[in-house]
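What the coordinates show
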Amino acid sequence: MSTPPRQAERKRVPASPDADTSSSVLTKEPSLAERLPGMSDYKLSAYKASAARIGADPAHPKNGAARKAIPMIEAELVRRAGAKAK
């Protein structure tokens, strides 16, 4: 039996000058407070239900983040209800 040929390592090729490299790992995502106004009503209500479910489970790894998000989500819902009433 012969041994298979050795696989060569992939060579890194630098991006061309006109390549879009803007989606870097280092780009900062907008905060939740910045994203909430852009969410649809459906997405916002689904996000609230998910945050409530996660916030009710103290063993969930994202429990703290969910509990912090709930008041922000509710404030956005109140703001939207006020805007619709006008």
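The rules behind each value
- Residues numbered from 1 in each chain as written.
- Predicted model: local features only at pLDDT ≥ 70, side-chain atom pairs only at ≥ 80, totals over all residues.
- Heavy atoms only, no water.
- Helix = DSSP H or I, 4+ residues; strand = E, 2+ residues; numbered from the N terminus.
- Buried < 20%, exposed > 50% of the residue type's maximum accessible area, 1.4 Å probe, protein only.
- Contact = heavy atoms within 4.5 Å.
- Areas by Shrake-Rupley, 256 points an atom, 1.4 Å probe, with all protein chains shown as cover.
- Core = buried A, V, L, I, M, F, W, Y, C linked by side-chain atoms within 4.5 Å.
- Polar contact = N/O pair within 3.5 Å; in protein donor to acceptor, adjacent residues only side chain to side chain.
- Expected span 1.5 Å × (residues − 1).
- pLDDT = per-residue confidence, 0-100.
- Bend = angle between axes of the 7 residues up to and from the residue.

**Re the overall build of the protein chain**
Looking only at helices and strands, one finds 3 helices and 0 strands in the protein chain. Sequence-ordered secondary structure for the protein chain, helices as α and strands as β, is α-α-α. Counting only residues that meet the buried cut, the protein chain has 15% of its 86 residues in that class. When contacts within the protein chain are restricted to residue pairs at least 6 apart in sequence, those whose partners lie at least 24 apart make up 55%. In the structure as shown, the protein chain presents an accessible area of about 7800 Å², 58% of it carried by carbon and sulfur atoms.

**So, the nonpolar core**
If you look at the biggest cluster of nonpolar residues, it comprises 9 residues: L32, L36, M39, L44, A51, I54, A66, A69 and I73. For this core, the secondary-structure elements that each account for two or more residues are α2 (41–55) and α3 (63–85). With residues near it in sequence (within four places) discarded, L44 still touches L36, M39, I73, E76, L77 and R80.

**Examining the side chain of N63**
Mapped onto the fold, N63 is located in helix α3. Looking at N63, its side chain comes within polar contact range of the main-chain oxygen of G55, at 2.9 Å. Residues in contact with N63, not counting those within four places in the same chain, are I54, G55, A56, D57 and P58.

**Some thoughts on α2**
Taking 1.5 Å per residue, 15 residues should reach 21 Å; α2 reaches 21 Å between its end C-alpha atoms and fits that length. Where α2 is buried, its residues meet α3.

**As for the side chain of R80**
For R80, the position within the fold is in helix α3. Using a relative accessible area of 11% as the deciding quantity, one classes R80 as buried. Engagement of the side chain of R80 in a polar contact is seen with the backbone oxygen of L36, the distance being 3.0 Å. Residue contacts for R80: discarding those within four places in its chain leaves L36, P37, M39, S40, D41 and L44.

**Overview of the confidence of the model for the protein chain**
Of all residues in the protein chain, 74% have pLDDT values of 70 or greater, and the mean over the chain is 84. Mean pLDDT values for the elements of the protein chain range from 90 in helix α1 (residues 32–35) up to 95 in α2.

**As for α3**
When the terminal C-alpha atoms of α3 are compared, their 33 Å separation across 23 residues agrees well with the 33 Å that a helix rising 1.5 Å per residue should span. Taken as a whole, α3 carries its principal kink of about 25 degrees at A69; the proline P71 stands between one and four residues after it. Along α3, the residues classified as buried are N63, A66, A69, I73, E76 and R80. Those residues of α3 that are buried are in contact with α1 and α2.

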